[in-house]
Amino acid sequence: MKKGLNTLFNALLCCSLLLVAVQSPLSHSSEVPRGEYIQPDNLFPKVKMETSIGSIIIELDRSKTQITVDNFLSYVVAKRYDSTIFHRLEPEFVLQGGGYKKEMDDVSQVKEFKEIINESGSGLKNKQFTISMARQYEPHTATSQFFFNLADNDSLNPGKKWGYTVLAK
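In this text, all values refer to a predicted model and were calculated from it rather than measured experimentally. (Residues numbered from 1 in each chain as written. Predicted model: local features only at pLDDT ≥ 70, side-chain atom pairs only at ≥ 80, totals over all residues. Heavy atoms only, no water.)

(A) Highlighting the overall build of the protein chain. For the protein chain, the count of helices and strands is 2 helices and 8 strands. The helix and strand sequence of the protein chain, counted from the amino end, reads α-β-β-β-α-β-β-β-β-β. The buried share of the protein chain, taken over its 169 residues, is 48%. Summarising the internal contacts of the protein chain: among those between residues at least 6 apart in sequence, 65% fall at separations of at least 24. Surface accessibility of the protein chain: about 9,100 Å² in total, with carbon and sulfur atoms responsible for 52%. (Helix = DSSP H or I, 4+ residues; strand = E, 2+ residues; numbered from the N terminus. Buried < 20%, exposed > 50% of the residue type's maximum accessible area, 1.4 Å probe, protein only. Contact = heavy atoms within 4.5 Å. Areas by Shrake-Rupley, 256 points an atom, 1.4 Å probe, with all protein chains shown as cover.)

Structural data, given as structure tokens:
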């Protein structure tokens, strides 16, 4: 598995995210799309991530992390994740993306929406194959970047300090 992940990272895997079965009242609007309008009655919307080596279906969990899921869906519908790369690989820890295009400079950064509140106390744990929001050191600073947990990462769960919000598997 380690060799495969290194290959994935070395290829600067490009990805695009597409909603599966989208029904959005904003799909033809010039207004910035917001995730709360995307399948508002679906607690577990799915997103198809198309990468340069295949597709992955991601099931979001709006039942426990509504603000975080709506934020993620906002980036998907606004197509801000299109042609982004996974820019960080920590083998047996995390694979991070959602922030940069191939050039990895200030110009190619994803245009971010405002920071969101940390929902790491939802009860969802940073277990292998879950997806969580990346953030700065301060707890309420997540915007566009996310990461795949490549192992059970108990150190990323809340305890005496804020954790990292799990939003999908």
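(B) Broad picture of the packing of aromatic side chains. Overall, the coordinates contain 9 aromatic pairs when judged by the stated rule. Ring geometry for phenylalanine 147 against tyrosine 164: centres 6.0 Å apart, planes inclined by 70°, an arrangement best described as edge-to-face. Here phenylalanine 147 is found in strand 7 (residues 146-149), whereas its partner tyrosine 164 is found in the loop between strand 7 and strand 8 (166-168), with 17 residues between them in sequence. Using a relative accessible area of 22% as the deciding quantity, one classes tyrosine 164 as partly exposed. Following the ring pairs from residue to residue traces out a cluster consisting of Phe72, Tyr75, Tyr81, Phe86, Phe113, Phe146 and Phe148. (Phe/Tyr/Trp six-rings, centres within 6.5 Å; stacked < 30°, edge-to-face > 60°.)

(C) Structural detail: unusual backbone geometry. Phi is positive for serine 83, which is not a glycine, with a value near 65°. Of note, serine 83 is situated in the loop between helix 2 (66-77) and strand 4 (84-90).

(D) Quick look at the side chain of histidine 87. Secondary-structure assignment places histidine 87 in strand 4. Residue classification places histidine 87 among the buried positions, given a relative accessible area of 14%. In this structure the side chain of histidine 87 is engaged in a polar contact, spanning 3.1 Å, whose partner is the side chain of glutamine 145. (Polar contact = N/O pair within 3.5 Å; in protein donor to acceptor, adjacent residues only side chain to side chain.)

(E) Broad picture of the environment of arginine 135. Within the fold, arginine 135 resides in the loop between strand 6 (131-133) and strand 7. For arginine 135, a relative accessible area of 15% corresponds to the buried category. Separated by 17 residues in sequence, arginine 135 and asparagine 118 have C-alpha atoms that sit 9.1 Å apart. Beyond its immediate chain neighbours, meaning those up to four positions away, arginine 135 contacts Asn118, Thr141, Ala142, Trp162, Gly163 and Tyr164.

(F) Focus on the pattern of salt bridges. If you walk through the whole model with that rule in mind, you get 4 salt bridges. The partner of glutamate 50 in a salt bridge is lysine 48, and the shortest N-O contact between them spans 3.8 Å. In this structure, arginine 62 engages aspartate 70 in a salt bridge whose closest nitrogen and oxygen atoms are separated by 3.0 Å. Residue classification places arginine 62 among the buried positions, given a relative accessible area of 5%. (Salt bridge = Lys/Arg side-chain N within 4 Å of Asp/Glu carboxyl O.)

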